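Given next are the chains, with one letter for each unit.
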Amino acid sequence: MFSEVEMCRDVAIPAKQLKKGHSPPHQQILTRLLQDLLHEKACREHGFYLAITALKSIGNINSTTDDDNPQADDVLTFPVSFTCRTFLPARGNIMVGTVMKVLFNGPNGAAPAVLISSGPLRYAYLSYLKMPDYHFVPPNSEEEEEPCFQKDDHTKIAVGVVVRFVVLGRRFKVSPEKRRTDVYVLASVEGDDTLGPVSLTGCDRPYM
């Protein structure tokens, strides 16, 4: 799941901004790189960007000008080499997360399910088909009870409950116009007694 990878990318900064900046140029370049990674969030090859662990090098400046707009500020581009800690869920990985939402009918009329969040992973989809021995309990407005999945022994999977699950698969959602990639997984708690609700409290944010 976790990797340390070496990456290279171009970091673009307006020349005007670099000149008037109060911090050293290398600090501004690193700040822009962090902003770019935070915005992009993830990539297909490596998954979520967690942290820059080392800055290897900053190459020579490349200057570009918008020919269609001569009055536009020059943009300085710096090739940057760095190492980054990444997180990519894979089939068979065991993860721990917090139930963020119980879906009454699931997306698009599918079976009831829950959405689990774990660190940078916002959505792990756990269908009732992958929750053996659990039955869906609808909300009770009179007793102010929220919907949940419950076993005969009253063990519950509900909003706020911490769940250990196994990854069945993943998919990527790419937004080219936003230059942003997100990762989603299908989850299961069947086939292993160690999977399911765990005796932890609070929201799980182990990676951020």
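None of these values were measured; they are calculated from a predicted model.

Now for the state of the cysteines. Evaluated as defined, the whole model comprises 0 disulfides. Of all cysteine sulfurs, the one in cysteine 43 lies closest to cysteine 84, which takes part in no disulfide; the gap is 8.5 Å. Owing to a relative accessible area of 1%, cysteine 84 belongs among the buried residues under this scheme.

Once that is clear, we can look at the sheet that holds strand β11 (residues 156-157). Here we have 3 strands laid out as an open sheet, ordered β9-β10-β11, and antiparallel in their pairing. Looking at the sheet topology across the chains shown, the edges are occupied by β9 (135-137) and β11.

Looking now at the confidence of the model for the chain. Chain-level pLDDT for the chain is 85 on average; 83% of the residues reach the 70-or-more range. Confidence drops under a pLDDT of 50 for residues 201-208, and excluding neighbours within four residues, the segment shows 21 contacts in the predicted structure.

Okay, the pattern of salt bridges next. Using the criterion set out here, one finds 5 salt bridges in the structure. Between arginine 179 and glutamate 40 there is a salt bridge, and its shortest N-O distance comes to 3.1 Å. Taken as a pair, arginine 179 in the loop between β12 (162-175) and β13 (180-188) and glutamate 40 in helix α2 (residues 25-40) lie far apart in primary sequence, 139 residues in all. Accessibility expressed as a relative area gives 51% for arginine 179, which makes it exposed. For lysine 41, the salt bridge identified is with aspartate 182, shortest N-O distance 3.3 Å. Taken as a pair, lysine 41 in the loop between α2 and β2 (42-43) and aspartate 182 in strand β13 lie far apart in primary sequence, 141 residues in all.

Let us look at the pairing of strand β6 (residues 94-103). Here 5 bridges tie β6 to β12, and the two strands are oriented antiparallel to one another. Across the sheet, the residue bridging to threonine 98 is valine 162, located in β12. Sheet analysis places β6 next to strand β7 (residues 113-118), joined by 5 bridges and oriented antiparallel. By the bridge assignment for β7, valine 102 is matched with valine 114.

The subject of this paragraph is the side chain of lysine 41. Judged by its relative accessible area of 13%, lysine 41 falls in the buried class. Excluding residues that lie within four positions of it along the chain, lysine 41 makes contacts with Gly47, Phe48, Tyr49, Pro120, Arg122, Arg180, Thr181 and Asp182.

Below, the discussion takes up the packing of aromatic side chains. According to the stated counting rule, one finds 4 aromatic pairs in the structure shown. Centroid distance phenylalanine 136 to phenylalanine 149: 5.2 Å. Interplanar angle 55 degrees. Geometry classified as tilted. Separated by 13 residues along the polypeptide, phenylalanine 136 in strand β9 and phenylalanine 149 in strand β10 (residues 148-150) bring together distant segments of the chain. On the accessibility criterion, phenylalanine 136 (27% relative accessible area) is partly exposed.

Rules and cut-offs
Residues numbered from 1 in each chain as written. Predicted model: local features only at pLDDT ≥ 70, side-chain atom pairs only at ≥ 80, totals over all residues. Heavy atoms only, no water. Disulfide = S-S within 2.5 Å. Buried < 20%, exposed > 50% of the residue type's maximum accessible area, 1.4 Å probe, protein only. Pairing = 2+ DSSP bridges. Helix = DSSP H or I, 4+ residues; strand = E, 2+ residues; numbered from the N terminus. pLDDT = per-residue confidence, 0-100. Contact = heavy atoms within 4.5 Å. Salt bridge = Lys/Arg side-chain N within 4 Å of Asp/Glu carboxyl O. Phe/Tyr/Trp six-rings, centres within 6.5 Å; stacked < 30°, edge-to-face > 60°.

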